[in-house]
Structures are given as C-alpha cells and as structure tokens.
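Structure at a glance
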Amino acid sequence: MKKQEYHPFEDNAGEFQDKLFETRIEAVNLAYKKAPKSEWAKYAERMIHIIFLLLGLITVGCVLLITVYLVISGIPAIREIGPVDFLFGREWASTAAEPRYGILPFILTSIYGTAGAIVIGVPVGFMTAVYLSKLASPKVKSVMQSAVSLLAGIPSVVYGLVGMLVLVPGIRKVFNVPDGASLLAAIIVLAIMILPSIIKMSVTALDAVPKEYEDASLALGATPIETYFKVSVPAAKSGIAAAVVLGVGRAIGEAMAVMMVAGNVPNMPDSLFQSVRFLTTAVSSEMAYSSGLQQQALFSIALVLFLFIMLINAMLNFFLKQEKE
Amino acid sequence: MQNQFLSEKRKGYEVLMKALMLLSVGLTAGLVLFLLVYVLMKGIPNITWELLSTKPSYLTEKIGILPDILNTVYIVLAALLIVLPLGVGAAIYLTEYASNRKVVSIIEYAAETLSGIPSIIYGLVGMLLFSNSMGTCLLAGALTLVIMNLPTIMRTTQESLKTVPQSYREGAFGLGAGKWRVVRTVVLPGCVDGVITGAILSVGRILGESAALLFTAGFAHTVLTFPLGMKSPGATLTVALYFYAKEQGEFGVAFAIAAILMVLTVLINFAAALVQRYFAKRRSL
Amino acid sequence: MSNIITVKDMCLWYGDHKALNNVNIDIPEKSITAFIGPSGCGKSTFLKTLNRMNDLIPGVKITGDIRYEAKDIFGRDVDVNNLRKEIGMVFQKPNPFPMSIYDNVAYGPRTHGITNKVQLDEIVEQALRDAAIWDEVKDRLKKNALGMSGGQQQRLCIARALAVQPKILLMDEPTSALDPISTSRIEELVMELKEKYTIVIVTHNMQQAVRVSDYTAFFLLGELVEFGKTDDIFSQPKDKRTEDYITGRFG
C-alpha cells in the first residue's frame, strides 16, 4: 500500500531525482533560513541549566535547612539546662513543679534498644541472607525477596499494633511481670523491623562476590558451606557491615512502633522489663502539649538524635565506599 | 559422598551452619506469614461498608474512616505532584547537566543523608518549617513528605537515566540539538520506568508514614475536599490507626485499618515488581 | 579544489595526557578523506574535534587553530549547534533513536526549527533516498527504527545526518559493527555521497580506505604522520612508519 503523504513525487528514475536535487536543496536551505533563529534559544538554554541546577541543589538546601533549624531550636534549652545536666541527668520530669530535664535515660534506652535489636536481628538477617544468596533455588529466592520487601513495606504503626496485642501480653505471661510494655518488647519489634534492611543489603553484597573466589575455594576441597562462610562472607564484609549500620540507623530512628510497645515511662533502662522511653518517643510523646522550656528541651532531644544519625550516616558511607573499592 | 572424607569437626560445622540458616529463613518466612495472616484475620471481619463510608460521630459513638481514607489519598496526590518534578529535575541535573564532580558528590551525599534521617525528625522540622507558618494541615504534611521522598525519586530516576545509552545523546548532539532538546526528546522518554518505580515506592512510603505526620498534618477526622481541604488538618490512615489503638483502645477499627494498609502494601510491592519486570523486558528487546 | 577545513598546530589533552600532537591538515571539499592508523592513535578523537563533539567529554583541552570555511570553530560567535548542523556525524555503532523511522530522520530538521509537515515529509524522503534506503522503508516509516537490521540502522543514521543538509559528513568507523554485505552497501553509498558532500571517514580497514577515499591521513601515537592522495600514500609512502603500517608490519 502506498501512503500518499510520503510521496510528493512519483517514484521515478535517478535522473529526474538528480535534477530535482539542486532545487530541493535550495528549498530546504531556505526553510532552514526561515526557521526561527537560535539567539533566544541560547538564552533559554542557559535559563534551563540554571533551573536544573537549582533543582539539583534542593537536597543540599533541605539538609542545611534541617540542620540549621535543629541546631537553632535545639541549642537554647541545652544552654539553659546546662549540657552536662541535660545529657547526663538521670531524671526527666518535665511537668513537675520543679522540672528536671535529664535525658540520660533516653540516650541509654536508645542505645540498649538498638544494641538489643542488632543482637537479635543481625544473626537472623545475616543467616537468611547467606541462605538466599548462595543456597536458595531461584524460585525460593524470589519468593523470599518479595516477602522481605513486604516486611519492609509494612507501616510501623502496624508493627506497633501487633506488638501491643501479641507481644506485650505475651511477655507479661511468659515472664510473669506486671506489664509487658517494656524494653524487651521494643527490642523484639525493632529486631523484626530492621530485618529487611539487613537481609536486602547483605544479599546484594553477597551476590556481588565474584564466582571465581568461590570456585577457587571449592577446588581446594572446601565444602560449599565452608566456602560461603569462609570466602564469600569475608569478601562481602564491607557490604554486610553497611547492612548492620543501616539497621542501627533504622532502629535508633524508629518512633511509632516503639511508642506503642515500650510503655513510654522515662525510667532508666535498668532491666529488660522496665517500661522505657527512647529518644524518638521522648520527642513525640510530649510534643503535642508542650510549650516553653519543655518544648525547647524536646527540640534539644531531636538534635541529639540527629547527631547520632549523622554519625551513623558517616559510618554507613565509609563502609559503602569501602565496598565499592 | 564427599562427606565421608570430612572430619567430625568439619561435619559438625556444616550441620550447624545449615541448621542456623534454615532456622533463620524459617523464622523470617514465618514472621511474614504470621503478620499477614494475623492482621488480615483480625482486620477483615471489622471492615464494613459503614466503616469505610462514614466519618466518626460522637452522637452515635460510631467510627468511620472515610475522612482518613480521603486524607491519605489527598496527601499522596499532593506529595507526588510536588516531589516528582523536583526529584526528576534533580536527577536530570546530576546525570545530564552537572560537570563538576565535586558538586555531584555533595548533592549525592545530601540525598543519602536525607534518606537516613528518621521520620520523627522530619515531623519536627516539618512542624517548625511548615506548620508554624501555615498551621497544622494536610499541605504541611504533604510538604514534609516531599522532602522525605525526594531521595527515593532521585535515586530511581538517576538509575534509569544511567541506562539510557550514551549513543542516543551523542546522536542527538551530533545533529546540532541543544542540551535541553536532547534531554527532553531522547533522555526523558528513557527514564519513565525509573519515575514510575520511584512514584510507586513513594506511595508505599507515604501510606506507611505516621511519625512525620503527627505534628504536621494533625489528627482531625472531618471529610475534606481536594485541593481546598489541604489547608485543614486531617489524619491519614496510619495516624488514625495509631490514634484509635493507642489513645482510644478501639482495636477493631485499628485492625481494620491495619488490614487495609497490609493489602495496599502487598499491592504496591506487586506493582513495583511488575513495573520493573515490564520495563526490563522492554529494554532487552 | 578548495579546502573546507584547515587545521593548524592542533593539540589535544585528556587531563594531563596529550592525545594529539601538532596536527596540521587541510581537508578538500567534495572529496572523501580517510583517517587510518592503529587503534588508540587519535584518529577518532581528531574526527570528533572537527564538530566539537569532544566538548561533551569533561577534561578535554584543545589548542591550535581549526577553521571551517575559514571561520574558527572555537570562535566566540560560533554556535556549536549550528556547527554540528553543518558538520554532521555518523557513529561507529548505529545509534537510531528509539522512535519511528520518520521521527528519526525528522529529528534534525525539527531541532533546527522546521515544523511544516509538507517540508518535513519532503526532507525525510530526500534524506532517505540519498542514503539509499527509501525503497526499503517507505512503507513502514511509522515503525520503530530499532526493529531494523544493523546495516539498515546505519543507513538510517546516515539519512538522519543528511536531513539537516550538512556540508561535511564525519564518519567514525561506520562499518566496523556491520556484516560484509552491509559494509559494501555503505561504501557504495559513501562514494555516491561525495558528489554532494565532503566526507571524512575513520577506518581501521586499509582496504576500505583504498576502495573509497581520495585522500588518506595516517595517524600514529597522536601524530599525523602523513597526508596525501590515497594512491600516493599506498603506492609510495614518504614516511617509513606509513610504509611499515600499510605493509602490515604493525598495527
């Protein structure tokens, strides 16, 4: 079928075409000359470049904005309370007649809670990752990877809800304590919540280990399992370290789920069954009704949390850079 | 069997490691299965048409989550509408325009930092930045979520921009096309998959977000309209779940919402995987 | 015959590495000039300098004087996009855009502001005819260009380059990714095109240089060793290194 629109001229022999060529070139060149000139296009090009530059710098702006806001609003209370009293004070009684603003309980709770989550979550996540990366059939691997993605996607309030209704009563019954809402409950919830980050990142790191390393080990008579743990895992150690650090970041930053299961009383974390308050939940539990110095102290807590996170970010970056090399 | 030649110690190691791995995988799989089944079983019986289609009333003491559903939709829409152009633009700057390595690494470091900041801090800064000036409202919540999701959109877009062959750009430049024309006609069509993947991931993240919204978008349960309602406070589904479970002890409603969120999470994961598979297939053609 | 491009004392650095050293060459109009030399000798780099495609690579520094129609191509008043319209390019690997055949060819004209449908149709047809591919594609102009064979894709890329009415066509090893039949078709096409265009072709294939080109330039280690009529270069090279190379002693 011939499409008329693309046949302005009959399909003729080359001679005719050649004769037409010169006149056509002239016509086309004329058309190019008539086409809008590029003076303003250069200007527009420069404008567009600037617009994209600004878009690119948005993230930098946001980080600066967040840092500046947190520092500006976090410093006054620390100054008023005194950095030592604030950071190392063992008592938080913000609404008492003579308010006390010591956040050591929150800091320690966050550290213990995160450490506990790591102690439980990392071995499970790590072993799962090795299995998925090295031993699982492709089908099992893909099903499990979707399961892990699902685990990552479940909202933290849902974890909190299930924790409230399953874990908290469970702890009360099993350990025979008056209230199950405790550091232990928070640790278990956090351990589950950091699992997906650890598994995903470790699998990626383990998958990237060159097959030649493993072949060399196998050829020396090592069993596959020995090879995976003694060759592949050390080769992927930076990536696995990064996965652990990522888990630390997730655990220390989690607020809602912890708020629902940890009991939320500003106690020192003396035992696993103590009802405790984390740095994150310290901010969120009083923010709604706070004012004055109390509110400023909450901002200071956020600043402390932010500093922890920046430290963890720097570590994460360090390990990721190492892995790239 | 090679096992015959292994010493007792090595055999023990082998068995132990295998057992630990299987245990861990079983634990992980069991957890996912338990959460899924438990939440759905507890939640689905509580999902009624009345719950979905009404707002809570203090007179009849009945709870409806229609406002929360609508608020969630509004916040997702508004946040995506703002974050997509910003994130895609930033990614284009990084891969197409930026020539200074240092600027690129600063921007990338900033994006990584943003994605590491916990949502409670976003909530606080969002409160200071937006809610203090425009009041506690859905828009303030959406803007906070925009900052949170910027790195996600940037990353997925950047990744797919990197898969656009350099030869396309060379071809277009070789014909005398300016940078913007090359980006618009040759590069952008090639990164649609990254943008869609990023959008889906962001929707998932926004659906699950609560800590960043508590102090920015508020708790209200009134039925609002889009886009004017963005200036009023409102709870999303997650915030409502928290509220009903923690403050009111309405666990039936909380589980109903949890079940809805669970189903949505499954759907979103499925959609993300589907999109990735679809585009991977198209690319390999 | 006048020279359309003149190059004087041109050097090029990638960062600290000097990739081209003191190149002097005059390229005659409406002829085919071939650049030969072992890989890594700088011939492709030099080619890409002529329409400033090297601008896209960060860290490239160029000194010396390059003139196209007596105008400095790095001059302040030169619009690089216009320069590339005048000096078109065909790449080593066929690189059609992921769009229809028609849109591929119309891309250049549209870029330079031609929106009139009738004019576009005409330009597209003429370019496809010039690239000797019109008869193969005229019934599927709306089909995606990526569905064509490699040889067809390369001729489409030639058509795409011709559609903006360039004066010069730079070809960077245009047949190295193609099978022998497609290669000979492109070679025939190149020889026809020299009636209307100046062609500069980089090739690693000396037979190809002998078959198609009027002039040949031999590059070695970033230097232009010898330049002259193809017949002379291959029958009586002046430089020992040229002779060694064309007789296959290295490379």
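Here is what the cut-offs are and how they apply
Here the residue numbers are simple positions, counted from 1 along each chain's written sequence. By the order in which they are written, chains take letters starting at A while ligands take numbers starting at 1. Per-residue local features of the predicted model are confined to residues with pLDDT of at least 70, and side-chain atom pairs are confined, for both listing and counting, to 80 or more; whole-chain, interface and lining totals are unaffected and use all residues. Note that the side-chain values use all heavy atoms of the structure and ignore hydrogens as well as water. In this analysis, two residues are considered to be in contact whenever any of their non-hydrogen atoms come within 4.5 Å of each other. Here's the idea: put two parts together, see how much 1.4 Å probe accessible area each one loses, and the total over both is what we call buried area. The term salt bridge refers to a pairing of a side-chain nitrogen on Lys or Arg with a carboxyl oxygen on Asp or Glu at a separation within 4 Å. Put simply, DSSP marks the helices as runs of H or I at least four residues long and the strands as runs of E at least two long, and each gets a number from the N terminus on. Buried residues are those whose accessible area, probed at 1.4 Å on protein chains only, stays under 20% of the maximum for their type, while exposed residues exceed 50% and partly exposed ones sit between those limits. The predictor's confidence in any single residue is recorded as pLDDT, a number from 0 to 100. Pairing of aromatic side chains requires ring centres within 6.5 Å, counting the rings of Phe and Tyr and the six-membered ring of Trp. Pairs whose planes differ by under 30 degrees are stacked, by over 60 edge-to-face, and all others tilted. The rule for a charge over a ring is simple: NZ of Lys or CZ of Arg within 6 Å of the ring centre, and within 35 degrees of the ring normal. Strands are labelled as partners when DSSP assigns at least two bridges between them.

1. Remarks on the interface of chain B and chain A
Contacts between the two partners involve 74 residues from chain B, matched on the other side by 76 residues from chain A. Each partner contributes to the roughly 6700 Å² buried at the junction of chain B and chain A, and carbon and sulfur atoms together form 82% of this total. Our count for the chain B to chain A interface comes out at one salt bridge. Of the charged contacts in the structure, one is a salt bridge between B:Arg10 and A:Glu226, with a shortest N-O distance of 2.7 Å.

2. Some remarks on the pattern of salt bridges
Inspection of the entire model under this criterion finds 26 salt bridges over all chains. Between A:Glu214 and A:Lys134 there is a salt bridge; the shortest N-O distance is 2.8 Å. Residue A:Glu214 is found in helix 8 (residues 211-219), and its partner A:Lys134 is found in helix 4 (residues 104-135); the two are separated by 80 residues along the sequence. Note on A:Glu214: relative accessible area 6%, which makes it buried. The residue C:Glu69 makes a salt bridge to C:Lys167 at a minimum N-O spacing of 3.9 Å. Taken together, the positions of C:Glu69 in the loop between strand 4 (60-68) and strand 5 (71-72) and C:Lys167 in the loop between helix 6 (150-162) and strand 7 (168-172) put the pair 98 residues apart, joining distant regions of the chain. Given a relative accessible area of 40%, C:Glu69 falls into the partly exposed group. On the basis of relative accessibility, which here comes to 35%, the residue C:Lys167 falls in the partly exposed class. Beyond isolated ion pairs, a larger network of salt bridges with shared partners links C:Glu69, C:Glu86 and C:Lys167.

3. Examining the side chain of C:Thr175
You can see C:Thr175 is positioned in the loop between strand 7 and helix 7 (180-193). Ignoring any residue separated from it by four or fewer positions in sequence, one finds C:Thr175 in contact with C:Thr183, C:Ile186 and C:Gln208.

4. Things to note about the confidence of the model for chain C
All names here are of chain C. Mean pLDDT over chain C works out to 90, with 99% of the residues at or above the 70 mark. Ranking the elements of chain C by mean pLDDT puts helix 10 (residues 240-246) last with 89 and strand 8 (residues 198-202) first with 95. Taken over the whole predicted complex, pTM reads 0.87, whereas the ipTM for its chain interfaces reads 0.91.

5. A look at the side chain of A:Ser284
Looking at where A:Ser284 falls in the secondary structure, it is placed in helix 12 (residues 279-287). For A:Ser284, a relative accessible area of 4% puts it in the buried group. Setting aside chain neighbours within four positions, we find A:Ser284 in contact with A:Met259, B:Ile120 and B:Phe215.

6. Regarding the packing of aromatic side chains
Following the criterion strictly, the structure yields 19 aromatic pairs over all chains and no others. When the centroid spacing of 5.0 Å and the interplanar angle of 25° are considered together, the rings of A:Phe52 and B:Tyr97 count as stacked. In this pair, A:Phe52 is assigned in helix 2 (residues 39-81) and B:Tyr97 in helix 3 (residues 66-97), connecting two distinct chains. Where C:Phe97 meets C:Tyr107, the ring centres are 4.7 Å apart and the plane angle is 55°; that geometry is what we call tilted. With C:Phe97 in the loop between strand 6 (87-90) and helix 3 (101-111) and C:Tyr107 in helix 3, the pair connects residues that are ten residues apart, well separated along the chain. For the pair formed by C:Phe97 and C:Tyr107, the shared burial category is buried. An aromatic cluster is present here, built from A:Phe52, B:Tyr97 and B:Trp180 joined pairwise through their rings. Positioned above the aromatic ring of C:Tyr107, the side-chain terminus of B:Arg181 is 4.5 Å from the ring centre.

7. Section: the pairing of strand 6 of chain C
Residue and element names in this part refer to chain C. Neither face of strand 6 is left uncovered, since the one carrying Ile-87 and Met-89 and the one carrying Gly-88 and Val-90 both have all their residues buried. With four bridges joining them, strand 6 and strand 7 adopt parallel strand pairing. Residue Val-90 lies in a different strand from strand 7, and its bridge partner there is Met-171.

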